[in-house]
2 protein chains.
Amino acid sequence: MKAFMEPKSVALIGVSRKSGPGSFNIMENMMQYGYKGRIFPVNPKAREILGTKVYPTIRSVREEVDLAVISTPRENALSILEDCAASKVKAAIIVNQGYADADDKGKEIQQGILEVARRGGMRVLGPNTLGVLNNFNGFTTSFMPIGKERSPVGLICQSGILFVGAMEFSGAIGKGIDIGNACDIGFYDALRYLGEDPDIKIIAIHMEGLNQAREFASLAARVVKEKPIIILKTGSSERGAASAMTHSGTMAGNYHVYRAALQKTGVTFLEEDGKMFYAVKTLGSLPPMKGGKVAVITFSGAAGIMISDALERHGLSLSSLTANTIRSTAELSPEWMPLGNPLDIWPAVMKHGAAKAYSVALRAVMNDPNVDGVICVAIAPEMPAFSFLDVSGAINEAMEEAPQKPVVAWLYGPNPLEMRKHFESAKRIMTYPTLELASWSLSILRDRHKVLGMKKSEMR
Amino acid sequence: MKAFMEPKSVALIGVSRKSGPGSFNIMENMMQYGYKGRIFPVNPKAREILGTKVYPTIRSVREEVDLAVISTPRENALSILEDCAASKVKAAIIVNQGYADADDKGKEIQQGILEVARRGGMRVLGPNTLGVLNNFNGFTTSFMPIGKERSPVGLICQSGILFVGAMEFSGAIGKGIDIGNACDIGFYDALRYLGEDPDIKIIAIHMEGLNQAREFASLAARVVKEKPIIILKTGSSERGAASAMTHSGTMAGNYHVYRAALQKTGVTFLEEDGKMFYAVKTLGSLPPMKGGKVAVITFSGAAGIMISDALERHGLSLSSLTANTIRSTAELSPEWMPLGNPLDIWPAVMKHGAAKAYSVALRAVMNDPNVDGVICVAIAPEMPAFSFLDVSGAINEAMEEAPQKPVVAWLYGPNPLEMRKHFESAKRIMTYPTLELASWSLSILRDRHKVLGMKKSEMR
């Protein structure tokens, strides 16, 4: 994978003469991205592209080439790859569609690609891929613009839209590998690379089909002890599996068998889109949860009830708070107020102000030995008019001396974006758009703690 | 309910002398809100509040009072209510907590409230409520600020946070009733009022406990033929049900029995928080879906697979597109491109541009007799740099002559807020943050069509 992720020189075969918005010029994107190595554009119809000398074929490049990025119609793929092999290119990315994702002819060409690569000692990524992204050395082969953050999140996917749109899918990624049709480099190779990479602390995977399933599972069980791995496996439906055949040309396989096998390795397994972002945010920022007992601090009794329901759906339960914890909030509340878990602090807020009430309650539950994790329901008020309802300062202060337990929050009100930033500023508390997601996030932290405590023999 | 929703005069008993941010002054909020009727503040310790003469007791108000809003500690509730009855007040809202939601003493007082009200021919809303909201005459009894839109959405709830935060819970509401502990006015009365109200076209309900269950179900089955009713029933877990007792003091009852009975009436029944907003948006804006066959138009094969999976989870399936529909997109696509449903138009986009490809595909599926509804996957590009990927104009134009079928969209990319507005501008297409929600939204439109076609005898 090193030739793909950290090439010293790159040949761009079939690079377009057009540049600017809408031209999707891979060379332009690579240069704007800050690649420091040498670029050799190859195009028999051009002499110069973006101020750089163009070569008619890869054979005419007389210097060492680590990586060839091939963006030509499939008809030329085999002969170009033969040329790459002859020129001792170490690795090739085949960008275009029209292979095993398309028709019988495409399948045949893809098979040929693999044979040429094996003979020439070359590794191939794709076809049907945007290639790679490495924000730690400013390198990408994507022809679409892509985020530049040095995030500890690594992404492996089989889709261009999730690759360039990683910000929405998984949050910012530091390194990414789009394996596309995965004719050679697959999930196994990609996971091995990211698993060993010290820049990467957590790995997000979008999976359609899986080759080398046994080797992958064994590797995942090893890597997951060091780094959380989250997998969204698609193709659970018959039609979805059939579509996977015409999208990445890979076999989705028996979904239920894959799910059981992958879950056993200790990875976080997702069934629905939209959850990867929150899984990464949760596992990447919060500590594992030692048990399944949760305390709820809430401005709203109604929300407390919804959380009780959601916790049960996710296999967690409400802690029995100690008398000490109850007493601390009872001292702030009216005499008639029944207190328990969920800990409804609204009457205390009305009497003593939001910051005071929240701070007292949070310190108490964090130090309660019966509590493994906490869900906070707070208000996201309009600022500055309703700043007296903003508890973000108070809770972050209370967290400074608090034990290592995960705390998640749901913010309700007209100003969630600004308040989320305040809540998450110290990276001790993460926020979620629904109580369902907040409750679920604690369940995956509970699972994470179990995985870290498991012996290797239990995981395979 | 008329005395609550359209009072000509209101007495505010126990109104505070403090005003401004943080004082939660109910009178100040009512005046800022634009109430046109007469307000009689009642407070034995003040002579003037916000420039208005204050009465020492309700008995000293010698004019007709439609509605009394009582915000005093529970110790005084019964004697004040007796005074209201003596003064021929028609309706009373009891704002404070501390009744059946609290302890035995509170339960006893609440029972007394009901007895006084019955004897005096007075209706009571609460205790433990923010009261009502009517944006069609500028009236609210909430002591917290609240939206002012004349929306056709009516809300019934048992929680102040969902009442003042309706914008996040259900989207903007035009009328709202917080029934709180529901000692007298309950879901039945509130639904009857909103069901008959010509300003209200759709009804959102947050339900903890339900009294008069049989009458409510019978009424709901009748109203739902005219207006969609969406119910989030909380308290599915044992602990959640127990919390409902200490929140609104109402019995959550056997959740599974309630669910079965309510679903039979044809209402849209929700299990998780976060869905009410999308249910209202969907049922309030899109036509019912005649069958369960869905066409998918997508920029991304990966998203098409996820939709196939999600449709199956929600009891829907992919249409078999007619040869004509396939041909229309095939003409824009490379020869090798396998086309079906999901209809992957990315290669057509690369050849002919996004607007052309989307427009052709959408017209074709909308006119396909095998298609009951459509899911669109599109990009939310940065503007204006990537405006060539914006298909919002093209799809809204294509929708102008299209048959009445629901179309939902998922937008992927860095600019979802702006693009959502463009997509939804003609109110023919609604957008969702996940494919799961987009697929689910079609399933509730399918259910809605079934309900409208059902005979009344099938619904009870």
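Residues numbered from 1 in each chain as written. Chains lettered and ligands numbered in written order. Predicted model: local features only at pLDDT ≥ 70, side-chain atom pairs only at ≥ 80, totals over all residues.

### Section: the overall build of chain A
Along its length, chain A carries 18 helices and 20 strands. Structurally, chain A occupies a C-alpha span of about 85 × 50 × 35 Å along its principal axes. Buried positions account for 58% of the 460 residues belonging to chain A. By sequence separation, contacts in chain A at least 24 residues apart represent 72% of the contacts at least 6 residues apart. (Helix = DSSP H or I, 4+ residues; strand = E, 2+ residues; numbered from the N terminus. Buried ≥ 20, exposed ≤ 12 C-beta atoms within 10 Å, placed from the backbone. Contact = placed C-beta atoms within 7 Å.)

### A closer look at unusual backbone geometry
The residue after asparagine 341 of chain A, namely proline 342 of chain A, is reached through a cis peptide bond having omega 0°. Mapping proline 342 of chain A onto the fold places it in the loop between α13 (323-330) and β17 (343-344). Between methionine 383 of chain B and the following residue, proline 384 of chain B, the backbone shows a cis peptide bond with an omega angle of 0°. The backbone of alanine 182 of chain A sits at a positive phi, close to 55°, despite the residue not being glycine. Among the structural elements, alanine 182 of chain A can be located in the loop between β11 (175-178) and α7 (187-196). Residue alanine 182 of chain A is classed as buried on the basis of its C-beta count, with 28 C-beta atoms lying within 10 Å. For leucine 50 of chain B, which is not glycine, the phi dihedral falls at a positive 50°. For leucine 50 of chain B, a count of 15 C-beta atoms within 10 Å gives the class partly exposed.

### Some words on the pairing of strand β18 (residues 373-379) of chain B
Residues and elements named next belong to chain B. Judged by how many residues are buried, β18 sits mostly within the fold: seven of seven residues are covered. Burial of β18 is two-sided: the residues Gly373, Ile375, Val377 and Ile379 facing one way and the residues Val374, Cys376 and Ala378 facing the other way are all buried. Across five bridges, strand β15 (residues 293-298) lies against β18 in parallel orientation. Bridging across to β18, alanine 295 finds its partner in valine 374. When β18 meets strand β19 (residues 407-412), the two strands line up parallel, connected through six bridges. Within β19, the residue paired with valine 374 across the bridge is valine 407. As a crossover connection, the stretch from β18 through helix α16 (residues 392-400) into β19 is right-handed. (Pairing = 2+ DSSP bridges. Right-handed = clockwise from strand over helix to strand, strands pointing away.)

### Some remarks on the domain arrangement of chain A
Residue and element names in this part refer to chain A. In terms of domain boundaries, chain A breaks down into domain 1 (1-127), domain 2 (149-285) and domain 3 (287-452). Between the C-alpha centres of domain 2 and domain 3 the distance comes to 32 Å. Facing the 11 residues of domain 2 at the interface are 11 residues of domain 3. Here the residues of the side of domain 2 that touches domain 3 sort into five nonpolar, four polar and two charged. (Domains from an automatic or database assignment. Nonpolar A, V, L, I, M, F, W, Y, C, P; charged D, E, K, R; others polar.)

### A closer look at the interface of chain A and chain B
A common way to report how large an interface is uses the accessible area buried once the components associate. Taken together, the 57 residues of chain A in the interface contact 58 residues of chain B. Ranked by residue count, the leading element in the side of chain A that touches chain B is helix α12 (residues 301-313) of chain A, at nine residues. Considering only residue class, the side of chain A that touches chain B consists of 25 nonpolar, 23 polar and nine charged.

### Section: the relation of the copies chain A and chain B
Two copies of one chain are present, and they are related through a rotation about an axis combined with an axial shift. Note on the identical chains: chain A maps onto chain B by a rotation of 180° and an axial translation of 0.0 Å, with an RMSD of 0.0 Å. Each copy turns onto its partner about a two-fold axis. Across chain A, the smallest distance between a C-alpha and the rotation axis is recorded for proline 433 of chain A, namely 5.7 Å. The fraction of interface residues of chain A whose copies in chain B are also interface residues reaches 100%, indicating that both copies meet through the same surface. (Least-squares fit on C-alpha atoms with pLDDT ≥ 70 in both.)

### Observations concerning the environment of glutamate 108 of chain B
For glutamate 108 of chain B, the position within the fold is in helix α4 (residues 104-120). Residues glutamate 108 of chain B and arginine 192 of chain B, spaced 84 residues apart in sequence, show a C-alpha to C-alpha distance of 28 Å.

### Considering the sheet that holds strand β7 (residues 123-125) of chain B
Residues and elements named next belong to chain B. Taken in spatial order, the five strands of this open sheet run β2-β1-β5-β6-β7, and their pairing is parallel. Of all strands in the sheet, those bounded by a partner on one side alone are β2 (38-42) and β7. Taken pair by pair, the neighbouring strands of this sheet meet at an average axis angle of 20°, ignoring direction. Alignment of strand β1 (residues 9-13) against strand β5 (residues 67-70), held across four bridges, turns out to be parallel. (Axes fitted to C-alpha atoms, helices over the stretch in contact; angles between N-to-C directions.)

### Notes on the environment of isoleucine 173 of chain A
Residues and elements named next belong to chain A. Its location among the elements puts isoleucine 173 in the loop between α6 (166-169) and β11. The class of isoleucine 173 is buried, set by 30 C-beta atoms lying within 10 Å. If sequence neighbours within four positions are ignored, isoleucine 173 has contacts with Leu133, Ser151, Val153, Gly154, Leu155 and Ala166.

### Considering the pairing of strand β19 (residues 407-412) of chain A
One face of the sheet, then the other: side chains in a regular strand alternate in exactly this way. Residues and elements named next belong to chain A. With six of six residues buried, β19 is to be regarded as a mostly interior element. Burial along β19 is two-sided: the residues Val407, Ala409 and Leu411 and Val408, Trp410 and Tyr412 are all buried. In this structure, β19 lies alongside strand β20 (residues 429-432), joined through four bridges in parallel fashion. The partner of valine 408 across the bridge, within β20, is methionine 430. With helix α17 (residues 416-424) bridging β19 and its parallel neighbour β20, the resulting β-α-β unit is right-handed.

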